[in-house]
Amino acid sequence: MDKLSSQRLPPLKRNWWLKHRFFKLYMLREATVLPLVFFTLCLLAGMVALLQGAESWQGWIAFMRSPIVFVLNLLALAASLFHAATFFVLFPRVMPLRIAGHSLPDQAIVAGQWAGVVAVALLFFWLLGRA
Amino acid sequence: MNTQQISTKQVSVKRYLPDSSAEPYWQQYELPVDDSTSLLDALNHIKEQLDSTLSYRWSCRMAICGSCGVMVNGIPKLGCKTFLRDYDGDIRIEPLSHFPVQRDLVVDMEIFLEHLAAVKPYLIDDNPVKSYDPQAPETYQQSPEQLARYKQFANCINCGLCYSACPQFGLNPEFLGPAALTLAHRYNLDSRDHGKKQRMAELNRHEGVWSCTFVGFCSKVCPKHVDPAAAVNQGKVEAAKHTLIALFKG
Amino acid sequence: MEKIAMNKHRSQHKQAFDEPLWWGLFSAGGVCFAVLLPAVILFIAILLPLGLLPADALSYERASALLFSVPGFLFVGAVVCLPLFHAAHRLRHGLFDISVGNDALNKKLMYGGAALLSIVALGIVVAGFFS
């Protein structure tokens, strides 16, 4: 009997990722770049406005205050934090760090990265948050 | 069977008998279970008492041979390591995804074996022993620290569950896949091995490490906690380093 | 039946020497997205439009001074350019995951788009620096 002729391999359906919570979370993780791109385009528009002059700059700030833009950027903030949470746990698996012959525990590496996020926020506060 | 509480459960199995019908179909079986009944026990009961036409692979029944992989409610699992006490409702058993099905729960693992062979999963020595003195045989020396570097990745039992879990392999069977790439990395990390350069051509291509998008489901289903996702992605670092060096060497 | 040949064929496949570049940019961009973007989005897209920053923190004069400078150039590199390549990589692979388009073309579109927007962004900083 020809082994190959009786085999079945149905091709993977395009909605394969809807079949399990794990895959849906994977797709959500990947999709965090969509709000990021939106924010980046907003930032680019702001840079152009800054180049054009004070009025354009104020106009851009008003644009950033409009409801839809504001909500989408809130989404971008949430996306950046969700990305950070998933990215930080992957990092020690891709590059296990060793000090003095012992591997650093994963939690330490994750905590260190979050400390970086906080440090950047504090830097921004120092730069922009003081009168 | 022991004297614990015995009840019955229903198990649905995806049958495929190419000799009699071109299409697969579901068949339900009702069987006695207790707290210790594994899925493999159930399949053996079905074959021995209810329906001898059912085909499936099994051997050690203790999660070391890697033979009894099946899909249980859509998740790849070993039959011997899956317990019916953990399932309250439907128990749907199908053959491992992403492999051609030969009959019932038996799949064709040939592509997996090809990918495994392609990465040269064995120690490659650049100094083969030129003469052998039985009075003073040369042996490899390896410290516990050197062993620890690759040991986790060496625990792979070639069960193939990670291939069923991996959507990239599902989308493209030419992708070398989690186990093969993990074993390549295992040998690259082994202090006794000198074959990294020989393996690199297989790894540093699109169907090598670069098809992986760190979905990570392979590591979740691995019955031996090998963490193939980590190995594949560490392999990306190695492939990137190799590319950089190749660039500078010109 | 085919036998598995241990020493066969396969090193005739070409190595993918460009993939480490895209992956490297993706990784660097991922770090920036995770560590820098939360604070950037919070301060620029949330606090600023809501008027919650001190009055002159991001006035036209201050924003111009901050952006059109060498640190501003590096800021744009880290906050706009690298995350754009991160997004491009995820979008390219995401399109493959849902079987949309053809990978070779998607690579050109995504990485090309990221490169284009990156040059525009850096160009704006240079233009502002010299104006």
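Scroll up to find the structure.
What comes next concerns the included structure.

So, how was this worked out
- Residues numbered from 1 in each chain as written.
- Chains lettered and ligands numbered in written order.
- Predicted model: local features only at pLDDT ≥ 70, side-chain atom pairs only at ≥ 80, totals over all residues.
- Heavy atoms only, no water.
- Phe/Tyr/Trp six-rings, centres within 6.5 Å; stacked < 30°, edge-to-face > 60°.
- Helix = DSSP H or I, 4+ residues; strand = E, 2+ residues; numbered from the N terminus.
- Buried < 20%, exposed > 50% of the residue type's maximum accessible area, 1.4 Å probe, protein only.
- Lys NZ or Arg CZ within 6 Å of the ring centre and 35° of its normal.
- Contact = heavy atoms within 4.5 Å.
- Buried area = accessible area lost by both parts, 1.4 Å probe.
- Salt bridge = Lys/Arg side-chain N within 4 Å of Asp/Glu carboxyl O.
- Nonpolar A, V, L, I, M, F, W, Y, C, P; charged D, E, K, R; others polar.
- Pairing = 2+ DSSP bridges.
- Axes fitted to C-alpha atoms, helices over the stretch in contact; angles between N-to-C directions.

## Notes on the packing of aromatic side chains
1) Next: Inspection of the entire model under this criterion finds 16 aromatic pairs over all chains.
2) Next: Taking 6.4 Å as the distance between ring centres and 45° as the angle between the ring planes, the aromatic pair formed by F124 of chain A and F75 of chain C counts as tilted. Placement of F124 of chain A in helix α5 (residues 106–128) and of F75 of chain C in helix α4 (residues 70–97) is noted, with the two residues assigned to different chains.
3) Next: What makes F75 of chain C partly exposed here is its relative accessible area of 29%.
4) Next: Aromatic rings pair up to connect W16, F22, F23 and Y26 of chain A together with F217 of chain B into one cluster.
5) Next: The ring of Y187 of chain B carries R186 of chain B above its face, with NZ or CZ at 3.9 Å from the centroid.

## Overview of the interface of chain A and chain B
Buried accessible area, meaning the area lost when the parts come together, often serves as the stated size of an interface.
1) Next: With 18 residues of chain A at the contact, the number on the chain B side is 32 residues.
2) Next: Taking both sides of the interface into account, the surface hidden between chain A and chain B amounts to around 2,200 Å²; carbon and sulfur atoms contribute 62%.
3) Next: Counting every contact that joins chain A to chain B gives one salt bridge.
4) Next: With its nearest N and O atoms 2.6 Å apart, the salt bridge here joins D227 of chain B to R93 of chain A.
5) Next: Breaking the side of chain A that touches chain B down by element, the ones donating at least two residues are α1 (21–31) and α4 (67–94) of chain A.
6) Next: Of all the elements, α1 of chain A adds the most residues to the side of chain A that touches chain B, at four residues.
7) Next: Tallied by class, the residues present in the side of chain A that touches chain B amount to eleven nonpolar, three polar and four charged.

## With respect to the environment of T86 of chain A
1) Next: Position of T86 of chain A relative to the elements: it lies in helix α4.
2) Next: For T86 of chain A, a relative accessible area of 18% gives the class buried.

## A look at the sheet that holds strand β5 (residues 92–94) of chain B
Sheet strands line up and pair through hydrogen bonds in the backbone, either parallel or antiparallel.
All names here are of chain B.
1) Next: Strand order in the open sheet formed by five strands is β2-β1-β5-β3-β4, with mixed pairing between adjacent strands. At either end of the open sheet lies a strand with only one pairing partner, and these are β2 (25–33) and β4 (75–78). Between one strand and the next, the sheet's axes are offset by a mean angle of 35°, whatever the strand orientation.
2) Next: Examined bridge by bridge, strand β1 (residues 7–15) and β5 share two bridges and lie parallel to one another. Note on β5: the bridge partner recorded for S12 is R92.

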